[in-house]
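A closer look at the structure
Here is what each chain is made of, one letter per residue.
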Amino acid sequence: MSDVRDSDEQTPKHPIQVVALRTGLTAHAIRAWERRYGAVAPTRSPTGRRLYSDAQVERLRLLRQAVSAGRRIGDIARFERETLDELVREDGGAPAAVRGRRAAGDAGQHLQACVDAVHGLDPVALASVLGRARVALGLPALLEQVVGPLMAHTGDGCRSGTLRIANEHLASAVLRSFLGPLAQGGGGGGANDPWLLVTTPSAQVHELGALIAAVDAAAGGWRPLYLGANTPAEEIAYSALAHEVRAVVLSIVYPADDPHLPDELAALRRYLGPEMPVLVGGGAAAAYGQALERIDARVMHSLAEFRKALDGLRHTPAAPG
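All values reported here derive from a predicted model rather than from experimental measurement. (Residues numbered from 1 in each chain as written. Predicted model: local features only at pLDDT ≥ 70, side-chain atom pairs only at ≥ 80, totals over all residues. Heavy atoms only, no water.)

Overview of the nonpolar core
One broad rule of soluble globular proteins: the nonpolar side chains tend to lie buried together. Just so we agree on the cut-off: For this analysis, a nonpolar core means a set of buried residues of the types Ala, Val, Leu, Ile, Met, Phe, Trp, Tyr and Cys, connected via side-chain atoms within 4.5 Å. Relative accessibility under 20% of the residue-type maximum defines a buried residue, over 50% an exposed one, and the middle range a partly exposed one, all with a 1.4 Å probe and only protein chains included. Helix numbering and strand numbering both begin at the N terminus, where a helix is a DSSP run of H or I of at least 4 residues and a strand a DSSP run of E of at least 2. Contacts are assigned to residue pairs with any non-hydrogen atoms lying within 4.5 Å of each other.
In this structure, Leu126, Leu130, Leu196 and Phe306 are the most contacted members of the largest nonpolar core, which totals 47 residues. Elements with a contribution of two residues or more to this core: helix H6 (81-119), helix H7 (123-137), helix H8 (139-160), helix H9 (165-183), strand E3 (195-199), helix H10 (208-219) and helix H14 (303-314). Aside from chain neighbours lying at most four places away, what touches Leu126 is Cys114, Ala117, Val118, Leu150, Leu170, Ala171 and Val174. One finds Ala237, Leu250, Leu268 and Ala285 within the second-largest nonpolar core, a separate group that totals 25 residues.

Dropping the structure here:
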């Protein structure tokens, strides 16, 4: 029986959308961890779709927990399952691990309720679930375990044809209304908290990733200067310098092949000067890797990595104006 069970755990059967829901990772993060770090090696179906086994799903779940505790994915991606189990126990302790599993279960229930509301085109239900989830989970867990996976689910569903454009637009509209007030200093920061500019570059019109970054920063004691989407480089630089922000945060989601964006990023660096930190995240950021490297931008692969970067900036002297 043990051999049968072990064989079943290794059977590739889960598409990436299911893995994202079960692990709390976005589909983009799963693909990035696979491509850059060799964290898992999924099987391909006859039509080219990634398929993951139960063992791989559990491995990704453990990796996400370890990264959320502050570890770097590049340091732990190839660790054996037993080593990952031990790290997660060390980072959280046994009682915390039990609470973490319970919270993850609660997050999964909230996420499923959000998915049901999106599929049912029910904006009232979606807004209600998000409100309850914020109270039950807290803001950081809500962003990581509900909002991020929900965005990934709707985007992947639209691309695969399992959801209509109307479903994605409804989800985006409700999330924008829910997150918007929180992005405008919703963390209740004080007058001495540092400023942080958050936006998307010119021609990048998908703003939910930037909203999440602004909300997360506000919850961490920063004052976000949130400019929305599609902001030209000159306006980003003007606003950043006028407010003496500590860093500029960009979300790059779509398109992944804009021929003008590298020049826009280069212009932004010229306007900002060499010392201003630029943090970049989003599903399409990796597609502009060379352009981002040329402007000395730091690419963020998760909210945990983003928080760690902000913590480092808080203890670093501000760039000269």
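Text resumes after the structure shown.
Some remarks on the pattern of salt bridges
Test applied: A carboxyl oxygen of Asp or Glu within 4 Å of a side-chain nitrogen of Lys or Arg is what we treat as a salt bridge.
Under the defined criterion, the tally for this structure stands at 7 salt bridges. Here Glu58 ties to Arg61 by a salt bridge, and the two come within 2.6 Å at their closest N and O atoms. Remark: Arg61 and Glu58 occur in helix H4 (residues 54-68); sequence separation between them is 3 residues, near one turn of the helix.

Some words on the sheet that holds strand E4 (residues 223-226)
For the record, the criterion: Strands pair, by our definition, only if DSSP identifies at least two bridges between them. Lines fitted to the C-alpha atoms define the axes, with helices restricted to the stretch that makes contact. Angles between their N-to-C directions range from 0 to 180 degrees.
Read across the open sheet, the 5 strands follow the order E4-E3-E5-E6-E7; overall the sheet is parallel. Here the strands that pair on one side only, and so sit at the sheet edges, are E4 and strand E7 (298-299). For strand E6 (residues 278-281) and E7, the ladder comprises 2 bridges, and the chain directions are parallel. Among the inter-strand pairings, Leu279 is bridged to a residue of E7, identified as Arg298. Sheet strands in contact with helix H11 (residues 233-243) are E3, E4 and strand E5 (248-251), and its direction is about 165° off that of E3.

Points about the packing of H8 against H14
Keep this limit in mind: Any angle that is under 35 degrees is reported as roughly parallel, and any over 145 degrees as roughly antiparallel; angles of 65 to 115 degrees are reported as roughly perpendicular and all others as oblique. Side-chain classes follow a simple rule in which Ala, Val, Leu, Ile, Met, Phe, Trp, Tyr, Cys and Pro form the nonpolar group, Asp, Glu, Lys and Arg form the charged group, and the remainder, Gly included, forms the polar group.
Interhelical geometry of H8 versus H14 gives an angle of 140° and a closest axis separation of 11 Å. Regarding the angle of H8 to H14, the classification is oblique. Two secondary-structure elements touch here, H8 through Pro140, Leu143 and Glu144 and H14 through Leu303, Ala304 and Arg307. The residue inventory of the contact of H8 with H14, partitioned by class, reads 4 nonpolar, no polar and 2 charged.

Re the confidence of the model for the protein
Here is the rule we go by: Looking at any residue, its pLDDT shows the predictor's confidence there, from 0 to 100.
For the protein, the mean per-residue pLDDT works out to 86, and 89% of the residues sit at or above 70. When mean pLDDT is taken per element in the protein, E5 scores highest with 98 and helix H1 (residues 2-9) scores lowest with 58. In the predicted structure, residues 93-103 sits below a pLDDT of 50 and forms 4 contacts with residues beyond four places in sequence or in another chain.

Details of the side chain of Arg64
Spelled out, the test is: Charge assignment in this entry is limited to Lys and Arg as positive and Asp and Glu as negative, and neither His nor the chain termini are counted.
Relative to the helices and strands, Arg64 is located in helix H4. No salt bridge is formed by the buried Arg64. Its closest oppositely charged neighbour is Glu144, at 5.5 Å.

A look at the environment of Trp222
The residue Trp222 is located in the loop between H10 and E4 in this model. Using a relative accessible area of 3% as the deciding quantity, one classes Trp222 as buried. Considering only alpha carbons, one finds Trp222 and Leu196, 26 residues apart in sequence, at a separation of 6.7 Å. Contact partners of Trp222, with chain neighbours within four places excluded, come to Pro194, Trp195, Leu196, Ala217, Arg246, Leu310, Leu313 and Arg314.

Structural notes on the side chain of Thr199
Turning to its location among the elements, Thr199 is positioned in strand E3. Not counting the four nearest positions on each side in its chain, Thr199 is found in contact with Ala210, Leu227, Gly228, Thr231, Ile236, Val249, Leu250 and Ser251.

Considerations on helix H12 (residues 261-272)
Defined as follows: Here, expected helix span is obtained from the residue count minus one, scaled by 1.5 Å.
Along its 12 residues, H12 runs 16 Å from first to last C-alpha, staying within 8% of the 16 Å computed at 1.5 Å per residue. What H12 keeps buried is the set Leu261, Leu265, Ala267, Leu268, Arg269 and Leu272. Tucked inside the fold, the buried residues of H12 contact H11, E5, E6 and helix H13 (289-294). Downstream of H12 by a residue or two, Gly273 has a phi angle that is positive, lying close to 90°.

A short note on the pairing of E5
We apply this condition: Assignment of crossover handedness uses the view with strands pointing away from the viewer, where a clockwise path from the first strand over the helix to the second indicates a right-handed crossover.
Covered by surrounding structure in E5 are Val248 and Leu250 together with Val249 and Ser251, the residues of both alternating faces. Sheet analysis places E3 next to E5, joined by 3 bridges and oriented parallel. Within E5, the residue paired with Leu197 across the bridge is Val248. For the segment spanning E5, H12 and E6, crossover handedness is right-handed.

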